[in-house]
Amino acid sequence: MNAIEIQKLKKSYKGFTLGPLDLTLPSGCILGLIGENGAGKSTAIKLMLDIVPPDQGSVCLLGQDNQGDIRALKEDIGVVLDEVGLPGYLTPREVGKIMRSVFRNWDGAVYEGYLRRFNLPEGKRFRTFSKGMKMKLGFAIALSHHPKLLLLDEATSGLDPVVRDEVMDLLMEFTRQEDHAVLLSSHIVSDLEKACDYIAFLRQGKLLLCQEKDLLKARYGVLRCAREDLDRLETGAVLSKRETAYGVEAIVERDRVPAGLELGAVDIEQLFVVMAKQGAKGA
Amino acid sequence: MKGLLKKDLRRMFRSWYFWLSQVVIGVQFLAYTRIEDFPPAPAFLDVGCMIALFAPTIILSEDERDRWQSYCLTLPCTRKDYVSGKYLLHLLLLGIILVEVIVFWLFWGAWVGIALAPMLCHATVIVLFSTAIRLPLTFRFGEYGSFALLMVFLLPVWLVKSDLMGQMVLTLAALGIFALSWPASIRWYSLRWKKGKIG
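Residues numbered from 1 in each chain as written. Chains lettered and ligands numbered in written order. Predicted model: local features only at pLDDT ≥ 70, side-chain atom pairs only at ≥ 80, totals over all residues. Heavy atoms only, no water.

## Things to note about the pattern of salt bridges
Stated formally: Salt bridge, as applied in this entry: a Lys or Arg side-chain nitrogen positioned within 4 Å of an Asp or Glu carboxyl oxygen. We count a stretch as a helix when DSSP gives it H or I for four or more residues in a row; a strand needs E for two or more, and each element gets its number in order from the N terminus. Throughout this description, buried means an accessible area under 20% of the type-specific maximum (1.4 Å probe, protein chains only), exposed means over 50%, and partly exposed covers the range between.
The full count for this structure, using the stated rule, is 24 salt bridges over all chains. Measuring nitrogen to oxygen at the nearest pair gives 2.8 Å for the salt bridge that ties A:Arg71 to B:Asp81. Of this pair, A:Arg71 sits in helix α2 (residues 70–74) while B:Asp81 sits in helix α5 (residues 79–109), each in a different chain. Residue B:Asp81 is classed as buried on the basis of its relative accessible area, which comes to 5%. Put simply, B:Arg14 and A:Glu94 hold a salt bridge, and the shortest N to O gap is 2.2 Å. Of this pair, B:Arg14 sits in helix α1 (residues 2–14) while A:Glu94 sits in helix α3 (residues 92–102), each in a different chain. Each of B:Lys7, B:Asp8, B:Asp63 and B:Lys86 takes part in a single network of salt bridges with overlapping partners.

Printed below as a string of structure tokens:
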């Protein structure tokens, strides 16, 4: 089953249009949605949750249309936004009591387990928490009602590397179950590269690509060679090139490079920057 | 919805506006019922009711500031639940005020011969009428600016010096406006989300 199926989704605001967006995420996988600030990542997530109604298109989450019983659907979804919007006067203990009335499947023991795991004081007010602690509490809430799908919007931005690493471990742990899936949006590509199975690039509301990370890495490579060697490649094989003191460094399509030239692995961030620039030229 | 209401009630009971309003209503009840021209005009409840209404107003502005409006919609709650939660909160607040008035009446007012019904009607009119006007404006335009309009709309209510029948008519009118205002708020709040004015 697909955890997320988006078809021709479109939303227009004054001066910005998202889509039409087509995107699929199979269960058991993590999808990294990469895009610069204002690319439409948050809007896409809000459309998925029907927080914002779409202008056109459809969204199916966990096999159900999000225009159906969205309340029941959200019981199976955990969400962490870039800012956890809890009232500052609440303590984690009080948050637990409130969430018990919000989620049918709320598991107090799991929640308390996460509070302990994240070293979050139960009696301290949310407004006194650091950014990292707030995000951890957001994760504790998102995971304590046994969700099947996690939607994380810039949830790792602003966190220190240690906390980010903890969060990544948590996500890997979560997707060990086959019916679980995660959509993680971020502009910090290194985070996504570590954890994601699928990568989607979003730029100015348009989806540049959505592909398996391993396929992307298998398709593109980094060629470090002399200028003359690069000039011998067929047109279109080179996505981008940069002159260095030792020659040329280029991102190329592996299939179109003749045998004998050694190719290095491309990282997703390089690829995103190149595609974003190409998108900008094409626009 | 239950969770949203729980959160709002927790906040309301921590609001000093709420407790101040309870004290003001109590003190005014005792003070006004001692003056000579019995029965006192039920308008003495206005101040207490208005102070009480600050408590849910502050919750609304805090929801916007804390980004709770976005966050709660990621939970199993809808825009309709959010709006309805606020209407129910105001009804609960009204209930608390009415209970307080009844308690004071039982322990003091009844002995000095004050009629209960006009007071209950008056408190109901003030709370429901102001809520019915203010909430749709808040959900349509945000929290700012709705207060000035509230005062304009409340002025006629304060100016009306009506008998019990008049009070009852006003109460029914307030109930009617309140009932109309509820779906209007849901519609306008959804429209604000649709236009990207929130979030």
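Now that the structure is up, let's keep going.
## So, the domain arrangement of chain A
Many structure descriptions define interface size as the accessible area lost when the parts assemble. Residue and element names in this part refer to chain A. What counts, and what does not: Each domain's extent is set by a domain assignment, obtained either automatically or from a database. Only heavy atoms matter for contacts: two residues are in contact if any of them lie within 4.5 Å across the pair. By buried area we mean how much accessible surface two parts lose on assembly, using a 1.4 Å probe and totalling the loss over both. Residues adjacent in sequence count toward polar contacts only when both atoms are side-chain atoms; beyond that, a polar contact is any pair of N or O atoms within 3.5 Å, and within protein one must be able to donate a hydrogen and the other to accept it. Any residue that is not Ala, Val, Leu, Ile, Met, Phe, Trp, Tyr, Cys, Pro, Asp, Glu, Lys or Arg is counted as polar, Gly included; the first ten are nonpolar and the last four charged.
What the domain assignment lists for chain A is domain 1 (2–213) and domain 2 (216–282). Distance between the C-alpha centres of domain 1 and domain 2: 33 Å. On the side of domain 2, 13 residues touch domain 1, which itself brings 15 residues to the contact. Carbon and sulfur atoms make up 70% of the area that domain 1 and domain 2 hide from each other, which totals about 1200 Å². Viewed at the interface, domain 2 and domain 1 are joined by one salt bridge. Residues Glu193 and Lys217 are paired through a salt bridge, measuring 2.8 Å at the closest nitrogen-oxygen approach. At the junction of domain 1 with domain 2, the criterion picks out five residue pairs in polar contact (both at pLDDT 80 or more). For the side of domain 1 that touches domain 2, the secondary structure elements donating two or more residues are α7 (189–195), β9 (198–203) and β10 (206–212). When grouped by side-chain class, the residues that make up the side of domain 1 that touches domain 2 number seven nonpolar, three polar and five charged.

## Overview of the sheet that holds strand β1 (residues 2–13) of chain A
All names here are of chain A. To be explicit about the condition: If DSSP finds at least two bridges between two strands, the strands pair. In this analysis an axis means a line fitted to C-alpha atoms, helices contributing only their contacting stretch, and an angle means the value between N-to-C directions, from 0 to 180 degrees.
Strands sit in the order β2-β1-β4-β5 across an open sheet of four strands; the sheet is antiparallel. The open sheet has two edge strands with one neighbour each: β2 (16–26) and β5 (64–65). Packing of helix α1 (residues 41–48) onto the sheet brings it into contact with β1, β2 and β4 (56–61), and relative to β1 it is tilted by some 115 degrees.

## A word on a nonpolar patch on the surface
Residues and elements named next belong to chain B. We apply this condition: Within this analysis, patches are made of residues with over 30% relative accessible area and no salt bridge. Like charges are joined at 9 Å or less; nonpolar side chains (Val, Leu, Ile, Met, Phe, Trp, Tyr) at 5 Å or less. Using a 1.4 Å probe, accessible areas were evaluated by the Shrake-Rupley method; residue-level cover was limited to the displayed protein chains.
Side chains of Val99, Ile102, Val103, Leu106 and Phe107 sit close together on the surface and give an oily, nonpolar patch of about 460 Å² of accessible area. Within the secondary structure, Leu106 is located in helix α5. Accessibility expressed as a relative area gives 49% for Leu106, which makes it partly exposed.

## Examining the packing of helix α6 (residues 116–141) of chain B against helix α8 (residues 164–194) of chain B
Residues and elements named next belong to chain B. Our working rule: The scheme is simple: roughly parallel for angles under 35 degrees, roughly antiparallel for over 145, roughly perpendicular for 65 to 115, oblique for anything else. Less than a right angle of anticlockwise turn of the near helix away from the far helix marks a crossing as left-handed, whereas a clockwise turn marks it as right-handed.
Their axes nearest at 8 Å, the elements α6 and α8 cross at an angle of 20 degrees. In terms of their interaxial angle, α6 and α8 are classed as roughly parallel. Where α6 crosses over α8, the handedness of that crossing is left-handed. Taken together, the residues of the contact of α6 with α8 break down into 22 nonpolar, eight polar and two charged.

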